[in-house]
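# Commentary on secondary and tertiary structure
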Amino acid sequence: MSSEGRELPPGDEGHEGNSADVPSSAVSLARPMEPVSQIGPELDWDADAWREVRTRAQRAGRAYIWLNLVEQRLRAVVAAVLRPVYEPVHADDWVVAAAGPAGQEWVQRAVAVREVSRRKGYLLDPADDNVLSFLTLPQLRELVVQHWPCFEPYLDDRREVELALDELEVTRNVVSRNRALSPTVLAQAERASARLLEILGAGSDAPSARRLPVDAVEQLVGDRYADVVGVHADRVRLLRQFPAEDLFGGARRVDAIGIGLNLLVQNFSGRRLVRLAESGCRVRLLFLNPASSAVKRRERELGLKRGELSRAVESNILHMRRVRSRLRDPGAFEIQVSDETPRFTAYLVDGDGSDGIAVVQSYLRRTRGMEAPVLVLRGGGRVVKADDLGEQGLFATYREEFETAWADSRPVS
């Protein structure tokens, strides 16, 4: 008998749940399932499935960081603009008043969620104990649109703000529902987020952001990777995402060391180099001496024909000499050669200041420079902990190596 006076059915094989022998007042109990010897193969994940899951998580994580930054910044802007207008009259209910009759439904929903969070102990930070913290990105947008005259003195173009928020809405829905995010949509969301943060006055204060924009992920976890802000499998992929014009254009100083310096010589025109130098940029180029025995050893490593690499390096040097000959101040464009095989190739742009960028490749024994992995470094300290100057990153190491090699080399007339 149960505690309520109901009779439980017997568990032997002679009494089934629909048997006439079981009293009508009895409660039917489900029988335990037979133990399963193994999980079906359809539930097993192979390496490809795990790879897909990790890829989805990485994309969603990046998108979430951008969306979170935009939402928090927009929330701060809304509070700064609308609170002085409504709080003197409505006190803590200023968000409800600002929403007005058109927003009563969603603002009351936010109030209810806030109360539930209070009761369940979900409000871990007292600063979040307000209705504004529970508004979503579309709701914050509604407040901006409804009160645009209040925001107009601070935000130049309403249409641009709305278009950027429209682009983010697709990503926001995908991320919030844990759906697959394509690379195209992620890239669109990152561009829209970066633009919105710039419009809302929260652009990066890193000096080098003009040349290499600070990524949201770098802002949050950049201190884990010293000053490495990009890794590319080869130079082709680097130039696809970071063209030579973006790297060298507008530079005030370029220091380069390597065998042939093809990244600069073959991807940045001589005419552009002349204009760059005439605008005040100082250039120092350190090549491997094409007549040295080190070139012959490198040719053997790469399996090249005798003289093939030396002729290519000599051609690059002659091209840079022609550029130098067209300058009013040839001293601002220095060319030197070294007889020792460089251990790496490096392009240090504005390396003497806090806004430097460096592209570095190690020389591998049987791999051409075009095919070697590439590191992109940001100078001037780390972005996240810029006030921590006690620890130097890789940028300073390669800059010091360049200066040492430059001092041991000789000029080209």
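Here we summarise the structure given alongside this text. (Residues numbered from 1 in each chain as written. Predicted model: local features only at pLDDT ≥ 70, side-chain atom pairs only at ≥ 80, totals over all residues. Heavy atoms only, no water.)

## A short note on the sheet that holds strand S8 (residues 410–411)
Read from one edge of the open sheet, eight strands run S1-S7-S6-S5-S2-S3-S4-S8, paired in mixed fashion. Whereas interior strands pair on both sides, the edge strands pair on one side only; in this sheet they are strand S1 (228–232) and S8. Pairing analysis gives four bridges linking S1 to strand S7 (residues 374–378), with the strands arranged antiparallel. The residue of S7 that forms the bridge with His232 is Val374. (Pairing = 2+ DSSP bridges. Helix = DSSP H or I, 4+ residues; strand = E, 2+ residues; numbered from the N terminus.)

## Looking at the packing of helix H1 (residues 47–90) against helix H7 (residues 183–199)
Running from N to C, H1 and H7 point in directions that differ by 25°, and their axes come no closer than 10 Å. In terms of orientation, H1 and H7 fall into the roughly parallel class. The handedness of the crossing between H1 and H7 comes out as left-handed. Residues Arg59, Arg62, Ala63, Trp66, Leu69, Val70 and Arg73 of H1 form the contact with H7, whose own contacting residues are Pro183, Leu186, Glu190, Ser193, Ala194, Leu196 and Leu197. Along the lines of polarity and charge, the residues of the contact of H1 with H7 split into nine nonpolar, one polar and four charged. (Axes fitted to C-alpha atoms, helices over the stretch in contact; angles between N-to-C directions. Parallel < 35°, antiparallel > 145°, perpendicular 65-115°, else oblique. Left-handed = near helix turned anticlockwise from the far one by under 90°. Contact = heavy atoms within 4.5 Å. Nonpolar A, V, L, I, M, F, W, Y, C, P; charged D, E, K, R; others polar.)

## Quick look at the pairing of strand S4 (residues 333–338)
The element S4 is largely enclosed, with a buried count of five among its six residues. Pairing of strand S3 (residues 282–288) with S4 involves six bridges; the strand directions are parallel. Each bridged residue has a counterpart across the sheet, and for Leu286 the counterpart in S4 is Gln336. (Buried < 20%, exposed > 50% of the residue type's maximum accessible area, 1.4 Å probe, protein only.)

## Examining the environment of Arg306
Turning to its location among the elements, Arg306 is positioned in the loop between helix H13 (293–302) and helix H14 (308–325). Separated by eleven residues in sequence, Arg306 and Val295 have C-alpha atoms that sit 9.6 Å apart. Not counting residues within four places of it along the chain, the set of residues in contact with Arg306 comprises Glu299 and Arg311.

## Examining empty space enclosed by the protein
Which parts of space are left empty comes out when a probe the size of a water molecule is rolled across the atoms. Throughout the structure, instances matching the rule amount to two cavities of 30 Å³ or more. Volume-wise, the second largest cavity comes out at about 40 Å³. If you go around the second largest cavity, the residues you meet are Arg141, Val144, Val145, Trp148, Arg158, Val161, Glu162 and Leu165. Contributions of two or more residues to the lining of the second largest cavity are made by helix H4 (137–146) and helix H6 (158–176). The leading source of residues in the lining of the second largest cavity is H6, at four residues. For the lining of the second largest cavity, the per-class residue count stands at five nonpolar, no polar and three charged. (1 Å grid on protein atoms, 1.4 Å probe; cavity = no way out; pocket = protein on both sides within 12 Å on 5 of 7 lines; lining within 4 Å. Points joined across faces, edges and corners; volume = space filled by probe spheres on them.)

## Points about the layout of surface pockets
Put simply, the second largest pocket is a space of about 450 Å³. In this structure, the second largest pocket is lined by 20 residues; those nearest its centre are Asn262, Leu309, Arg368, Gly369 and Met370. Among the secondary structure elements, those contributing two or more residues to the lining of the second largest pocket are H13, H14 and strand S5 (344–349). Among the elements that make up the lining of the second largest pocket, the one with the highest residue count is H14 (five residues).

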